[in-house]
Amino acid sequence: MAVTTFPTVDQCQSIGREKHTVVADMDGTLLIGRSSFPYFALSAGIQILIFVTFAGMKVSDIESVARAVLPKFYLSDLHPESWRVFSSCGKRCVLTANPRIMVEAFLKDFLGADLVLGTEIATYKGRATGFVCDPGVLVGKNKAYALNKTFGETQPEIGLGDRHTDFPSWLHARFATLIIPISTGNKIEGYIVAAKPEVKAVTSDKLPKPIIFHDSRLVQKPTPLTALFTLLWIPIGFPLACLRIAAGSLLPMRIVYHAFWALGVRVSVKGSPPPVAKKSIGQSGVLFICSHRTLLDPIFLSAALGRPIPAVTYSVSRLSEFISPIKTIRLSRDRVKDAAMIKKLLEEGDLAICPEGTTCREPFLLRFSALFAELTDQLVPVAMMNRMSMFHGTTARGWKGMDPFFFFMNPSPAYEVTFLNKLPLELTCSSGKSSHEVANYMQRVIAATLSYECTSFTRKDKYRALAGNDGTVPKKPLLYPDKVMGC
């Protein structure tokens, strides 16, 4: 068979494709990253990977990971030229050797794919067996069979692949996608996505859909080298995390800032914090309104001030309460009861609250609850920002008790605490502003400081996207909503 040379994808015109159908591979085509397996050895390699990865897993857990974890990494690897062509077509089909259950949520929700043809994994009583269903892994003749079965006599106008070894296998398809015009004389365009020259992934501002919520402990995509380094670091990182947590919990707060620096935790403080309220002259405490990055926000706020600041929270694990160096007070979600409790705490001194109600990893701020604006005029916005190189210190699906450990396991985690000006009296509720106006203003001020984007998403939106629930923590026996924990 004669070797056919295909033009590269950058030569494909993307104008006037609204009525066209495109069929594209995934790895090495829509995504920049390519498999290291030789093409004709992929079948065995993928079968082994599928068995090792999925055997015994609940199907619901696989779907949850596909929805909450993988899109972040996939979008960071989106090929700019392939996406330009793929997004220009009115009907989009992806053909991949990857398990369909693993990639379908990303391809449909973020890339607008109408159809995803992938390897089907076998299941038994809601769990994956680790084996694949007929016709097997979608490579070679199996790929052609899937195309032929799906499209029948119809034909796509464009085909995208990442290597010439893709194309002979597709010759078995009735319409010979990517190779030659079919007998009707209609031209089917085939384009190769070349490995070189190397291209940079689509930048975040040009992504088809921004990633706001995602859930994985790993910050970076686990390449073989990154995975090896991570595994080698854990035996060092976990004891180091315990040491850092012990320093924060046991040392006086006035020296925690310096202890963190000595242990490799970078704490940067900007702005001028307000002076301590004087109870002797009847001053009430200041309510610090913090953006929410991790459950450690109030602790780093306290470290920046050199004194412990109690914090109110909706939910925190018992382990986190036990090791906390500051008082944490549970909110009951009863608006009247919570308001009375916060007012009482402010009479005793300063207090911290994160009105987003949950954390967000990306440069976005969730909607601020307006309750705080009704309780006091002494409002100080605080912009919190952190940096982690290896592990995320938050989770929606995992055990939250490990959040501080994962944050402090990073080789050199960093926190930036920026104190903004106290809210002017004329912008508070006592001057006629509604609580929602005050909350929205505080959100905009903090977002502008951090160069973040304001959203109207809430805690429920996050947990529905990542965990399939509304984020409500069931009540535990012997723990009362207003119980003060920590020391």
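Scoring rules and cut-offs
- Residues numbered from 1 in each chain as written.
- Predicted model: local features only at pLDDT ≥ 70, side-chain atom pairs only at ≥ 80, totals over all residues.
- Heavy atoms only, no water.
- Salt bridge = Lys/Arg side-chain N within 4 Å of Asp/Glu carboxyl O.
- Helix = DSSP H or I, 4+ residues; strand = E, 2+ residues; numbered from the N terminus.
- Buried < 20%, exposed > 50% of the residue type's maximum accessible area, 1.4 Å probe, protein only.
- Axes fitted to C-alpha atoms, helices over the stretch in contact; angles between N-to-C directions.
- Parallel < 35°, antiparallel > 145°, perpendicular 65-115°, else oblique.
- Left-handed = near helix turned anticlockwise from the far one by under 90°.
- Contact = heavy atoms within 4.5 Å.
- Nonpolar A, V, L, I, M, F, W, Y, C, P; charged D, E, K, R; others polar.
- pLDDT = per-residue confidence, 0-100.
- Pairing = 2+ DSSP bridges.
- Phe/Tyr/Trp six-rings, centres within 6.5 Å; stacked < 30°, edge-to-face > 60°.

1. Here's the deal with the pattern of salt bridges
Side chains carrying opposite charge are able to pair once their charged atoms draw close together. Overall, the coordinates contain 14 salt bridges when judged by the stated rule. The salt bridge partner of E189 is R17, with a shortest N-O separation of 2.8 Å. On the criterion of sequence distance, the pair formed by E189 in strand β7 (residues 189-192) and R17 in the segment before β1 (21-24) is long-range, its members being 172 residues apart. Across the pair R100 and E104 runs a salt bridge, and its minimum N-O distance is 2.6 Å. With R100 and E104 both in helix α5 (residues 100-109), this residue pair falls 4 residues apart, about one helical turn. Judged by relative accessible area, which is 24%, R100 ranks as partly exposed.

2. Quick word on the packing of helix α8 (residues 224-250) against helix α9 (residues 253-262)
One way to put it is that α8 packs onto α9 with a least axis distance of 9 Å and a crossing angle of 165 degrees. Between α8 and α9, the interaxial angle falls into the category roughly antiparallel. Judged by the sense of rotation from one axis to the other, the crossing of α8 with α9 is right-handed. Here R244, A247 and G248 of α8 come into contact with α9, specifically with V256, A259 and F260. Of the residues in the contact of α8 with α9, the class split is 4 nonpolar, 1 polar and 1 charged.

3. Section: helix α4 (residues 80-88)
The complete set of buried residues in α4 reads S82, W83, V85, F86 and S88. Looking at the buried side of α4, the elements it contacts are β1, β2 (91-99) and β6 (158-161).

4. Re the confidence of the model for the protein chain
Looking at the protein chain as a whole, its pLDDT mean stands at 84, while 86% of the residues score no less than 70. Mean pLDDT across the elements of the protein chain ranges from a minimum in strand β17 (residues 484-485), with 38, to a maximum in strand β15 (residues 414-419), with 97. A low-confidence stretch, residues 36-44 (pLDDT under 50), is modelled with 16 contacts involving residues beyond four sequence positions or located in other chains. Overall, residues 168-186 carries pLDDT values under 50, and its contacts beyond four positions in sequence, including any with other chains, amount to 51 contacts.

5. Points about the sheet that holds β6
The 5 strands lie next to each other as β3-β2-β1-β6-β7, forming an open sheet whose pairing is parallel. Of all strands in the sheet, those bounded by a partner on one side alone are β3 (115-119) and β7. For this sheet the average axis-to-axis angle between neighbouring strands, irrespective of direction, equals 15 degrees. Both β1 and β2 contribute to a ladder of 4 bridges, which runs parallel. Across the sheet, the residue bridging to T21 is K91, located in β2. Sheet strands touched by α4: β1, β2 and β6. Its angle to β2, the strand with the most contacts, is close to 130 degrees. Where α5 meets the sheet, it contacts β2 and β3, and its direction lies at approximately 150 degrees from that of β2.

6. Some words on the packing of aromatic side chains
Across all of its chains, the model carries 14 aromatic pairs by this definition. For the ring pair F238 and F405, a centre distance of 5.8 Å and an interplane angle of 20 degrees mean the geometry is stacked. You can see F238 sitting in helix α8 and its partner F405 sitting in helix α13 (residues 403-408), a full 167 residues away along the chain. Assessed through its relative accessible area of 11%, F405 is described here as buried. Relative to F419, the ring of F288 has its centre 6.1 Å away and its plane inclined at 70 degrees; by these criteria the two rings are edge-to-face. One end of the pair, F288, is in strand β9 (residues 287-290); the other, F419, is in strand β15, and 131 residues separate them in sequence. Taking the relative accessible area as the measure of exposure, F419 reaches 4% and is therefore buried.

7. Notes on the side chain of R307
Tracing the backbone through its elements, the reader meets R307 in the loop between α10 (297-305) and β10 (311-313). Residues in contact with R307, not counting those within four places in the same chain, are M253, P274, V276, S302 and D350.

8. Quick look at the packing of helix α2 (residues 59-68) against α5
Two elements in contact, α2 and α5, have axes whose closest approach is 8 Å; the angle formed by their N-to-C orientations is 35 degrees. The element α2 and its partner α5 pack so that their crossing is right-handed. In this structure, α2 uses V59, I62, E63, A66 and R67 to contact α5, whose residues at the interface are I101, M102 and A105. Class assignment for the residues of the contact of α2 with α5 results in 6 nonpolar, no polar and 2 charged.

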